[in-house]
Amino acid sequence: MMSFNKSADDRSIQQPKSTTIVKYEKSSCLFCNEWFDAQTFTEHLIHCGQVLEECPNNCNVFIPRIRMRSHLKECPRGKHQHNMQRLSVSMERLDQHTDHRVQVLEQDISTIRSVLNEEIRQRLHLITDVGNIRKHNQVVEDRTRETDECITELRQQLDDERVQRGFATEQNQVDFQYCCSITQSLKEQVEMKMTDLQQHINQLSSDVSFHQNQLNDNIMKLEEIVFENERTNRNKFMQIDQFLQEINEDIKTKLGSTDFSTTKQATLDYEVKNVKSVMCETEERCDKLQSIVQNLDKALHQTMQSIADIENQLAMQQRIASVQNIRGHLIWRIKDYSKKLEEAKQYDTILHSTMFSNKAFGYALRLDIYLNGKGTWKGRNLIACLNVLSGEYDPLLKWPCRLQAEIIIRDQSEITLESQDYVKTIYVRKKSDDYIQTNQYFHIPHKVITSRNYLRNDSLFVEVRVLK
């Protein structure tokens, strides 16, 4: 590392008592390992860029002086607003610290020089120790032989380990084939279930068609009955008019007879009461018929919705083995909001989102929304709940299921900075995969939905984020 003015004969001195004069020409920097003359060495220490200095932001990091400015820009404890001020203060401290370090380094250099002189003298003594080292070589050879034996044993152990790993690999392949066979059997079972569901849907469709035909026949019969009642009432009204005309003519011809007028008046009152009772009965029948038609219409709509739900469940069963959304994040666009709200007010319909999962091979989730509310919240609020459905991987999951999610109504404002989403937090709990879930509902008032830009172009965006 250092160069000395010594000849080859001086290096092979065999007399320990001889004196060697060493003259230093250059010195090595302890930080950058560069060689400098004694005149330029001190100046180099002042400006050396590899000198380690502590970060002035107290982040407990020592950085070379040349990289200090870049570190101050990236320092985690540095503040952007005070970077320039701290940099100036740190540079002043660095100058003071550098002066102090230069003085210390000068003292260290003088010490190192004295130590090097002593080291040169000791090297002369070390030549005499070479013989002793040769004696120790035999011991080293013996230890080398023992080391070779140990290496041989280690190689044998490695061979045994390799054999065991090969056996484990074969066992893993057998297990993989077994898992593949189980997966194939599960796929076959799912296909069989989907076939059964398809047959069930076809049966329901035929039943709905049959009931719809019956409903149409009943409606036609009811219309005929109503038409017949109207015709009968019309005939009765005509008879009453004729009867009233006859009474008026009799009253005109027999004004002198008071008793006869009284009798005719009583008869007329009785007939009017009968007509009023018939009219009331007719109105009641019409109201009953109208309520029956409404109930039948509602039942038909609910049946159609049930068929649509079953079709959706069948589609979900087809996708249940490979859920596309496995990130616990769903954005659902509800189109034709006004139309669906009117249907919910008339038929109590329920909207179901697509199925998603909180993670890969996780719980199967679905968001259900009652646009017109439910129970005591009906008519004034939107009611929603997050359901945990039966999934393909339920036997492998942890039960009871405990999840926390955020339901977000997205603000569709054109100016992103002014948008303000509506956020609700919901907790989902289910004891086991075969246990009936007790849903936790949350409500959002209709006034909130119609405010700001939550509803735009008759579309509503609902976002679900599963937190844990």
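Residues numbered from 1 in each chain as written. Predicted model: local features only at pLDDT ≥ 70, side-chain atom pairs only at ≥ 80, totals over all residues. Heavy atoms only, no water.

Looking now at the overall build of the protein. Looking only at helices and strands, the protein has eight helices and 14 strands in total. Counting the 468 residues in the protein, one finds 25% classified as buried. Partitioning the intrachain contacts of the protein with sequence separation of at least 6 by distance along the chain shows that 60% fall at a separation of at least 24. When the accessible surface of the protein is split by element, carbon and sulfur atoms take 51% of a total near 33,500 Å². (Helix = DSSP H or I, 4+ residues; strand = E, 2+ residues; numbered from the N terminus. Buried < 20%, exposed > 50% of the residue type's maximum accessible area, 1.4 Å probe, protein only. Contact = heavy atoms within 4.5 Å. Areas by Shrake-Rupley, 256 points an atom, 1.4 Å probe, with all protein chains shown as cover.)

Tallied over the full model, the rule gives ten salt bridges. The salt bridge partner of Asp159 is Arg162, with a shortest N-O separation of 2.7 Å. Of this pair, Asp159 and Arg162 are both found in helix 5 (residues 130-253), three residues apart, which corresponds to roughly one turn of the helix. A relative accessible area of 39% places Asp159 in the partly exposed class. Beyond isolated ion pairs, a larger network of salt bridges with shared partners links Arg410, Asp421, Glu463 and Arg465. (Salt bridge = Lys/Arg side-chain N within 4 Å of Asp/Glu carboxyl O.)

Buried residues of helix 2 (residues 38-47): Phe41, His44 and Leu45, and no others. For helix 2, the buried positions fall inside an angular range of 100 degrees around the axis, keeping them on one side. Exposed side chains of helix 2 directed beyond 90 degrees from the buried face belong to Gln39, Glu43 and His47. (Arc of directions from axis to C-beta.)

When the UniProt feature table is mapped to this numbering, "coiled-coil region" (unreviewed entry) covers residues 187-214. Here residues 187-214 is 100% helix and 0% strand, with 40 Å between the C-alpha atoms at its ends. (UniProt positions renumbered as here; feature names shortened; annotations may be inferred.)

For the rest of this paragraph, the subject is the pairing of strand 5 (residues 329-334). Burial of the side chains of strand 5 is restricted to one face: Leu330, Trp332 and Ile334 are buried, whereas none of His329, Ile331 and Arg333 on the reverse face is. Bridge analysis of strand 5 against strand 14 (residues 459-466) gives six bridges, and the strand direction is antiparallel. Its bridge partner lying in strand 14, His329 is registered against Arg465. (Pairing = 2+ DSSP bridges.)

Inspection of every chain in the model, using the stated rule, returns three aromatic pairs. Aromatic side chains Phe361 and Tyr393 sit 5.1 Å apart centroid to centroid with 85 degrees between the ring planes, which places their arrangement in the edge-to-face category. Of this pair, Phe361 sits in the loop between strand 7 (356-357) and strand 8 (364-370) while Tyr393 is found in the loop between strand 9 (381-389) and strand 10 (401-409), placing the two residues 32 residues apart along the sequence. Phe361 gets classed as exposed once you look at its relative accessible area, which sits at 57%. Here Tyr393 falls in the partly exposed class, since its relative accessible area comes to 23%. When the centroid spacing of 5.2 Å and the interplanar angle of 80 degrees are considered together, the rings of Tyr363 and Trp399 count as edge-to-face. Here Tyr363, found in the loop between strand 7 and strand 8, pairs with Trp399, found in the loop between strand 9 and strand 10; they are 36 residues apart in sequence, far enough to count as distant. For Trp399, a relative accessible area of 22% puts it in the partly exposed group. (Phe/Tyr/Trp six-rings, centres within 6.5 Å; stacked < 30°, edge-to-face > 60°.)

Our next topic: the pairing of strand 10. Burial analysis of strand 10 places seven of its nine residues in the buried class, the great majority of the element. In this structure, strand 10 lies alongside strand 14, joined through five bridges in antiparallel fashion. Across the sheet, Ile407 pairs through a bridge with Val464, a residue of strand 14.

One can find His446 in helix 8 (residues 446-450). Aside from chain neighbours lying at most four places away, what touches His446 is Tyr337, Leu341, Leu371, Asn372, Gly379, Arg380, Asn381 and Leu382.

Formed by 33 residues in total, the largest nonpolar core has its most connected members in Leu365, Leu367, Ile369, Leu371, Leu460 and Val462. Of all elements in the fold, only strand 5, helix 7 (337-347), strand 8, strand 9, strand 10, strand 11 (422-430), strand 12 (442-445) and strand 14 reach the threshold of two or more residues within this core. The biggest single contributor to this core is strand 10, with five residues. Ignoring any residue separated from it by four or fewer positions in sequence, one finds Val462 in contact with Leu330, Ile331, Trp332, Ile334, Leu367, Ile369, Ile407, Ile408 and Ile409. Among the nonpolar cores identified, the runner-up in size contains eight residues, and Phe41, Leu45, Val51 and Ile109 belong to it. (Core = buried A, V, L, I, M, F, W, Y, C linked by side-chain atoms within 4.5 Å.)

Our focus in this paragraph is the confidence of the model for the protein. Per-chain confidence: the protein averages 78 in pLDDT, with 86% of residues scoring 70 or above. Within the protein, no element has a lower average pLDDT than helix 1 (residues 8-11), which sits at 40, and none a higher one than strand 14, at 94. In the predicted structure, residues 1-17 sits below a pLDDT of 50 and forms 22 contacts with residues beyond four places in sequence or in another chain. (pLDDT = per-residue confidence, 0-100.)

Take helix 7 next. Considered for burial, the residues of helix 7 that qualify are Tyr337, Leu341, Ala344 and Tyr347. Mapping the buried residues of helix 7 onto a view down its axis gives an arc of 155 degrees, with all of them on the same face.

Bringing a nonpolar patch on the surface into the picture now. Among the surface-exposed residues, Tyr178, Ile182 and Leu186 lie close enough to one another that they form a single nonpolar patch of about 280 Å² accessible area. Within the secondary structure layout, Ile182 lies in helix 5. (Patch = residues over 30% accessible without salt bridge, like charges linked within 9 Å, V, L, I, M, F, W, Y side chains within 5 Å.)

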